[in-house]
Every structure is written in structure tokens, then in C-alpha cells.
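As a plain string of letters, each chain reads:
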Amino acid sequence: MIAEGSVLTPGRLLVATLLLPDTISFQVPARDKDGRFKSGSKGSSLPNTAGNTTLSSSSAQPRPAASIHSLAAVDTSNGAMSDHIQRSIPPQRVAPTKMALQPTSILLPPLPTAPRFFRSTSSVGEAVTTVPKPITKKADRLKDQDRPALHQRASYHGHLATPPPSILAPPSDSKVGLGNVFPEAAPRPPLNQPRSRIGDHPTINIHKTQPHRRPSIDSAKVFAEAPWTVEKATSGNIGLHNAVNSIQGQLSKRIWIGTLGMATDTLNDRTRGDIKAELALDHSSIPVFVNDLDFEGHYHQFCKQILWPIFHYILPDNLRSKTYEDGSWKHYVAVNRAFADTIVENYRQGDTIWVNDYHLMLVPNMIRERLPDASIGFFLHIPFPSSEIFRCLHVRKEVLHGLLGADLVGFQTYSFARHFLQTCSRILAVESSPKGIQLENTAVNVGIFPIGIDTKSLNVKRQDPEVAQWVKVLKEKYAGMKLIVARDKLDYIKGVRQKMLAFERFLNLYPEWQGKIVLIQVALSTSEQNEFQGQVSDVVTRINSKFSSLSYQPIVFLRQDITFSQYLGLLTAADLCLITSLRDGMNLTSHEYIICQEETKNPLILSEFAGTYGSFGACLRINPWNYTEVAEAIHEGLMMKDDEKALRWNELRKHVCTNTAQFWATDFVSELIKVHGDVQRRYSIHIPLLNMQVVLPQFQSTKRRLLLLDYDGTLLPYERLSTVRTKGKTSHGDMIKVVTQLAKDPRNLVYIMSGRTRESLDEVFSGIENIGLCAEGGCFLKPVGKSAWEDQVQEGTDMQWRKKVMEMFEYYKERTPGSEIEEKAIPIVWHYRQADNPSYGLWQARECQNHIEEAIGSIYPIHAVVGRKCLEVMPRDVSKAHATKTIVETLRQQYGEDAMDFVLCIGDDRSDEDMFVYCNGLNLGDEHRVVTCTVGSKSSEARWFVPGVWSVLQGLQVMADVEQASA
């Protein structure tokens, strides 16, 4: 964790997310009866949801249409706005007045807002919204004449007026719009509006009215000349916005990169330039302008219709046509390309780039192709599915390659990260480890960063008197009853229907609770398809009709959002919080519930399919598909003793307060900086060719040298397995000669580090005295000057895994002609070097590796090591690096800290990389006294490389000859 007050990033932090934290509101004139804009009209405004009041043109006084000449300077040399730009006419702001809310009923909804991007349209592209009246006391209701003429202006982003798009998402009953562009595509509903975290705002119901209104012919001119203001967006990834803003003091500068969440085709270049300058000056944001058609195809089609279901384990039952898939994919690529272009244009040396969520999964590699040395991180805010699900995606390789352009890929939970690693290994045939993915010339790190909430900000919100007032109302209204609360999108992955069925099971199993318990379910709007598949209303109606009475209703089902104060009041007054997600990310409602339960400390019931499940061990865990289990958990939570409640709550609160939004953002950014530095140090700088003019003087000037030499692929080329065990076939005259010559020098301690068996090494090197041997990848060690082998495997290690691995290797051997199994004393190796089809052998090796790690690696302490066209399974606690550490520690015990003053370590494959890392960490006073060298020019931890085996023997021969001449 970075100390408070220190700077995380060396340069700016560029945060890319689909929607910016801010957007634009235009002040447009009213329309006449023919749909034309009236000249000289003052215009109209929508409700300002941030303050629950209505702003008019006279009260808001929006910014006049800015001219680019009103700016002192604009630095467009690299696409970024200068920090020194000053406006000559600053926009005027008027703080909105908050409407008094009378908490007389739990059914009181807030003033609604419009969806954040495209909304229902008429047949000619005219957008119209209608706003339902809030249910309050009669005296508090707004009169019709007091409402703004909403039908006279276009509206997108909440209370914001924006230009009409060129392509809009039609309502479900529309026969125009995108239905004409993509005739085989089902109509798209309005964009889903997820709940914000802190400072959240409600949603709106959109209705299509006046379907035959003719569009205005002067709309482009009107919006070009209309005054506009920058307003806070009520949509987008609010949790990300709050988390990054909360650590702004630890950043040299933070810049947002994203779309405005509105149609922009109608805006001319001058208006776009003014908007860009305004956002850069006052909001540290760079807008990405994308074609409206591309955004529609990107978000509504590819993201919501293809990616979202697959990432939540839902395979489409009516597959789209190939034309639909290819068409939406092109839009997805186009939007990602626009983001990458904007980032590259504004990039400065030393900047850190953070790309967020599944909307932008191609961006990391698009940037990497043009900025190979940039620090790039990617974080996925939704689950990552298993390889069996992800492989059904028709562009699976393209998506994975896009993600692998990042230095660090972050996930919410361990299971999401594991699924990603296994998917890359299986589909791309790349080498994976718990740390990440190993590519040919670089490495991609994978990390787990569970997101949290801003507990300080939430506690401030809880102090609002309105929250206490709602808590009082709820307790009075439901006096003598137990309250179960829940708030979910009405989406089939949220498990609302399963929750209702489980609650029905609870009332049947425990009839004593009938009439004494109420479930309050807040259901947020989502797509019509999801609502239909959920079929929640029918279940709720059945339960209420079965268990209700004149004075009692078991389920209060609210089909709209509530104010944040009402939400906090519900969480505070609750006796239980019930979360039954069928597949979810972190579900931060559980975190907020814990904080709100500071006084009563009531239990939390959490689905095992929610990302939070792995961290909340003290909650009541349930399988939402098991209705009886959920019913029993409800009963257990209601009957729980106070001391147990307090014990569980204290543990949960400790986790929530530790893993906050600030910690998440700081942890990810700091890890990205560290990982990028490691990658740059290891791979970005080309590994130089071994320079004997540098090595030889160091070698000659030292008195005790440790030489660690790999065998196969280093001292000798790889041979067929059938010749490995044949005496004499593997001995090479030149190799034996140079090794013998080096071993004769008493100043040299020569060790052969091999994966071969003890018998094989004894046969090859039996004629050489004073040589050390390491067999089976570090499992056995024969020190210099000794004749007995020492076992490096910890005593008592369970070896029953060998039988299971052999059965698995036999299975893959039968299905891979030409492959062979080599059974050693400890490890077991499956070779596919001589397979009839090497590509098929590689694919089988990846399948086998995943199979072993899932089925056996989770039970026994083993790991599957990928070698040169082989797969070796061995205990986790042994390796060449571990054997090297044993050798060095033994020498230091024998000769002291100055036991050696020169180390030469040469190897050729991944099994040698850990040995390189250990040797590079040895401090011998001069970095040139530790020579780590790999065979072949490739990404490696080694500091030098040689072209091939013959170069290794030549270099060793030069060392031996120099010593013989000097003697």
C-alpha cells in the first residue's frame, strides 16, 4: 500500500471508460406544431435529478454557445488541451434547490430521470419522453401546468437536452429505426441503467408518443447555436468514478477518457471543439466522439446481446445470424479503435493508461501496437466465464489478444482470474502460471483486486436527517414485523425470481412467520427481454394472493428505483438482506448493508455466485437454486442470537472497511506501475549477446566460481526419448571435453542442472571427477566431491498423485499418436516432440495441463511445468531454483559469505527461468560477476543470450583455455 501523500504514478493517469463522469446539456428552443424549432423561444428544461427540482432557462442560465476564439489558447499538437487555457466567458452555475420529501409511505418514489444514451423514438427519429408523477401527498404533487413541456425537446442523459441522434434504438413495438438497418436483429430496448453507488439517482420510464412527428429541418443549426452546460452524468460506472476521484490527491494528474453518453453526429466541428476545450479545462476529461451507428452497434448489439450474456454464463437459445454477428463486431472494433486513437493522440511519455470493463477489451492491444513501451492496465468489472462458456464466442481469440496487450489484467475474484488464465492457455496455447501469461517476448500479469465502497462518503450520507426519518417511518409502519430487504435489477442473472420462490418456500416451511415478516424488493428497470424471462410479477402476485390479509401483505414489490436516502433507510431498518444472484460481479449492496447495520448488526444472506461470496465468510451463504436452503437460511438469520450477530458483523465490517474503493484503486494503480517496471526491465530492452570480453576478465580475476549448466538444449541438442536411455548415444566428445577441463580447475564448482534421471546423468558424467549433478528438475542433488544422491523432496510429501497423473497421461497418449510417457522417480513427463501432428500435440498438452491443475492440482501440492514439447508434473516445492539455493547455502556454510565470487548460469527453457531469477538476486559486489545466459534470443530473465548450443560450448571452451594458459 502506498503511503498517504505519496504520488502513485510518475506521469498522468489516463482512465478510459465507456461513459465520462460528465456530459453536455443543451438549452434548445421549443418546437412548433410542425416539429420545427421556434425562433426566439426561451426553450425548456428537464428535471434536475441531482437536486429533485426543475430548472428553467431563466434559473439555470446555461453557458452561451462558446466560440473557440473565446479561449486564450488551445494546444492541439498532441490532441490534448493545454492546462493554461482560460475562458473569457465562464459558465454560470446555480445550485439547485432540493424538494422536500415527505416520507409518508414506502411507495414514495423520487423524480425519475431519462436513460443515459439512446431512448425510444418515433418513426422519424423524434425523441419524446414522458415523466410519471411522484406518489406523494396531494399537497406535494406537482401540478400539470408546473411541469416543463417535456415533449418539446429531445432528452438523453438524465435531465440533459442533447442533439437527436442519426440512428436510435427503437422501442419493442417499433417497425422502423434499426429494424430497417438490421432486419434480422430483434428490436433493442433502451440502455440499461445500473445503480450508482454513492450519490445515486433514480431511473425513468420511457414511452413513445406522437409517433408521426416530422423532424425539424434546422435541428443541426439549432444545436450548433444553442447554449450548453457541462453537467454531472447520472449514469456510467459511478463506482469507478468515485474510487478514482477519491485518490486524486495521490496522482500527479488524472484524466478521464470516454464518450459523452449522447448522440454527437449532429454536432459540428466547432461545437465539438468547444466541448472538448471545456471538458479539458474544467473537468480533466477528453471526450471520444464516435459515430452514432457505431455506438448503437457496439453497445446495444455486441456488448449487451453477445458479450454480457456469455460473460454471465448465458448462451443464446436463438442464435443471431452470421450477418448480425459480423456487423455488430465491426461496430465494437470501431468504437474500440476510436478510444485507442484518442488515447494515443493524447499520450505523453510516462503516462499510465487504465482501461476499464468489457466495452473496451480490444483497446489494450490496439494501444500496444502503437505504443510498445506504454504502461497499460485493464480491469474487468464483471465476471469472466469458464473456458467452456467463453469458447462459444465467435471472436474469442480476437478478444483475448486484445486483453493481452495490457501489462496487468485485473479481476474481482480468484475464480474470474483462474478462468481467464485457463481460457488463454486453452484457446491461444500460451503458457500460463498463477502470476499471469507468458508470451513470446513479454509477460502479462494477472491480479485479483476486489472492489469496495467509499465507506467515509457512505457514512456522511447516512448522517442525512432524511435517512433517520425514513428509518423511523419504516419501523413505525412495520412495527412488530421482521423486514427482509433487497434491491436488484430486474434481470434474470440477479435471481429475483428465485428469491421470490425461496421466500414462498420459507412461508410454507415456517408458517409461524406468516403475518410477521415482509420482503421489500426494489426492482430496477432493465430490458424487456430480461423482465419477461424473469417472470417475477406472476410469482409475486401468487404469493401475495395466497398469504395476504386485510392488514398484511408479505411482499412489497417496487418496480422503480428509490432515492438514496430511502435506500439507506431500508438497509438500516432491515432485519435481513437477501442477495440471490445467479451470476454477479462484486454486488456492492452487500457492502453498503454491512455499514448501515452498525447499530443492529443483523445478518447478511449471500449467494455463492456473487463475487463478494469468497470474501464474506461470516455471512450466511446460500445456493439460490436450492429454495429450501435459502428458506432455512432466512429462518436461521431471524433466529440468530445477538452475540453471534455481533461476531459475524464485526468480521464482515473489518473486510468492508479494509477493502475500500480507495484501497482498490490505489492497489491496482500501484501494482500496474510495479508490473510495468518489471516487464520493461525484463523484456523491453533487447537481451544482449554474451560478450566474452566483459565476462572473461571477471572470470579470470575471481578465486571461486560456481558454474550452473543446463544439459538438454544447452550443452547438447535435444534428442529423441528413445536415445535418452541409451548409453553412449547422448555423450558428445566436445561437450565431455570442455566440461572435464572446467571441472579439473579447483577454483570451479561445476553443476549439471538437468531434468534427466539420476541413472542417465551418472552414465554420461561418470568419467568426470569433481562435478555436481542435479537430476529430475531439482528433485535430486549430488554435491561436488560426493558420490551419494540427496533427496530434495520434503519428507512426508504425499506421492499418491503419481497414479492419477499416469492415468491422465495414458488417456492423452492414446489420443496423440507419436507421444510418449517418461516415468521418473519423482516427476512424470509426457513428451509430444515426436507426435505425428505437433500442433495437435501442443493443443493436447494445454488441455492436459488444465485438466491436471483442475482435477489434481487442487488436491495435491503439484504443478504442471511446460517444457520444450513436453509436459512435466512434479511437486511444487522442488525446482532448479530450489536446488541452486541449496547449493549456495551449503557453500556459504562451508566457506562463509565469500564462498564464491563468480556465478555462471546457462539454460534454455522455462524450467531455467526461476534459476535465472535466483542467481540475478545474488549480491557479489559487481553485476558482471553474475552471468545468467539463455540459449536463443527470446524473452527471458537472463541478462545475456547465445545463439545456440555450439555457442555455449565455444564460450565454455574459451574460459577453460584461458585458465589453462594462465596456469
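Our subject is the structure listed above.
Residues numbered from 1 in each chain as written. Predicted model: local features only at pLDDT ≥ 70, side-chain atom pairs only at ≥ 80, totals over all residues. Heavy atoms only, no water.

What follows covers the pairing of strand β25 (residues 820-823). As judged from the four bridges shared by β25 and strand β26 (residues 828-831), these two strands associate in the antiparallel manner. Note that in β26 the partner of Glu820 across the bridge is His831. In this antiparallel pair of consecutive strands, β25 and β26, the connection spans four residues. (Pairing = 2+ DSSP bridges. Helix = DSSP H or I, 4+ residues; strand = E, 2+ residues; numbered from the N terminus.)

The subject of this paragraph is the pattern of salt bridges. In total, this model carries 24 salt bridges according to the counting rule given. With its nearest N and O atoms 2.6 Å apart, the salt bridge here joins Glu847 to Arg426. Here the residue Glu847 occupies a position in helix α27 (residues 838-855), and Arg426 occupies one in helix α11 (residues 414-428), the gap between them amounting to 421 residues. Arg426 matches Glu847 in its accessibility class, with the two residues each being buried. One salt bridge in this structure joins Arg648 and Glu644, with 3.1 Å as the shortest N-O distance. In this pair, Arg648 and Glu644 are both assigned in helix α20 (residues 642-658), four residues apart and thus about one turn of the helix distant. Within this structure, Glu388, Arg391, Arg426 and Glu847 form a network of salt bridges that share partners. (Salt bridge = Lys/Arg side-chain N within 4 Å of Asp/Glu carboxyl O. Buried < 20%, exposed > 50% of the residue type's maximum accessible area, 1.4 Å probe, protein only.)

Where burial is concerned, the two faces of strand β16 (residues 555-558) agree: the one with Ile555 and Phe557 and the one with Val556 and Leu558 are both buried. Taken together, the four bridges between strand β15 (residues 517-524) and β16 define a ladder with parallel strand orientation. The residue bridging Ile520 from the neighbouring strand is Val556, located in β16.

A separate point is helix α13 (residues 465-477). For α13, spanning 13 residues, the distance from its first C-alpha to its last is 18 Å, which sits close to the expected 18 Å at 1.5 Å a residue. Every buried residue of α13 is listed here: Glu466, Val467, Trp470, Val471, Val473 and Leu474. Along the long axis of α13, the arc covered by the buried residues comes to 165°, so they all point the same way. Among the exposed residues of α13, those oriented more than 90 degrees off its buried face are Pro465, Lys472 and Glu476. Contacts made by the buried residues of α13 are with α12 (455-462) and α17 (564-573). The backbone nitrogen of Glu466 has a side-chain oxygen 3.0 Å away, supplied by the residue at the start of α13, namely Asp464. (Expected span 1.5 Å × (residues − 1). Arc of directions from axis to C-beta. Contact = heavy atoms within 4.5 Å. Polar contact = N/O pair within 3.5 Å; in protein donor to acceptor, adjacent residues only side chain to side chain.)

With that out of the way, let us pick up the environment of Leu604. Mapped onto the elements of the fold, Leu604 is located in strand β18 (residues 604-607). In this structure, the C-alpha to C-alpha distance between Leu604 and Lys645, residues 41 residues apart in sequence, is 9.7 Å.

Moving on, we come to the nonpolar core. Among the nonpolar cores identified, the biggest contains 106 residues, and Phe26, Trp354, Met500 and Phe506 are the most heavily contacted of them. Grouped together as the second largest cluster of nonpolar side chains are 68 residues, Leu14, Leu18, Phe339 and Phe378 included. (Core = buried A, V, L, I, M, F, W, Y, C linked by side-chain atoms within 4.5 Å.)

On to the sheet that holds β26. Backbone-to-backbone hydrogen bonds join strands into a sheet, with any given pair of strands oriented parallel or antiparallel. Read from one edge to the other, the open sheet built from four strands follows the order β25-β26-β28-β27, with strand pairing classed as antiparallel. Strands with a single pairing partner mark the edges of an open sheet, and in this sheet they are β25 and β27 (862-867). Geometrically, the sheet is characterised by an average inter-axis angle of 20° between neighbouring strands, direction not taken into account. Of the pairings in the sheet, the one linking β27 to strand β28 (residues 870-875) comprises six bridges and is antiparallel in character. In the strand pairing of β28, His863 is matched with Met874. Of the strands in this sheet, β25, β26, β27 and β28 are in contact with helix α26 (residues 801-814), which crosses β26 at around 10°. (Axes fitted to C-alpha atoms, helices over the stretch in contact; angles between N-to-C directions.)

Attention now goes to the packing of aromatic side chains. Here the structure, examined in full by the defined rule, presents 24 aromatic pairs. Residues Phe384 and Phe390 carry aromatic rings whose centres are separated by 5.1 Å and whose planes lie at 25° to one another, so their mutual orientation is stacked. Grouping residues by exposure puts Phe384 and Phe390 together as buried. Where Tyr711 meets Phe765, the ring centres are 5.5 Å apart and the plane angle is 70°; that geometry is what we call edge-to-face. Highlighted residues: Tyr711 in the loop between β20 (705-710) and α23 (721-724) and Phe765 in helix α25 (residues 758-765), separated in sequence by 54 residues. Like Tyr711, the residue Phe765 is buried in the burial classification. A network of ring pairs unites the aromatic residues Phe311, Phe384, Phe390, Phe411 and Phe420 as a single cluster. The ring of Tyr895 carries Arg704 above its face, with NZ or CZ at 4.0 Å from the centroid. Cation over ring: Arg705 sits above Phe699, and NZ or CZ is 4.1 Å from the ring centre. (Phe/Tyr/Trp six-rings, centres within 6.5 Å; stacked < 30°, edge-to-face > 60°. Lys NZ or Arg CZ within 6 Å of the ring centre and 35° of its normal.)

Moving on to the sheet that holds strand β21 (residues 748-753). Pairing within the open sheet is mixed, and its eight strands lie in the order β24-β23-β22-β21-β20-β29-β30-β31. Only two strands of the sheet have a single partner each, and these edge strands are β24 (790-791) and β31 (944-946). In terms of strand pairing, β20 meets strand β29 (residues 902-907) through five bridges, oriented parallel. Each residue of the ladder has a partner; that of Arg705, found in β29, is Phe902.

Our focus in this paragraph is the side chain of Glu504. With respect to the helices and strands, the residue Glu504 is situated in helix α14 (residues 496-509). A distance of 2.7 Å separates a polar atom in the side chain of Glu504 from a polar atom in the side chain of Arg542. If near-sequence neighbours (up to four positions away) are discounted, Glu504 is found in contact with Arg542, Ile543 and Phe547.

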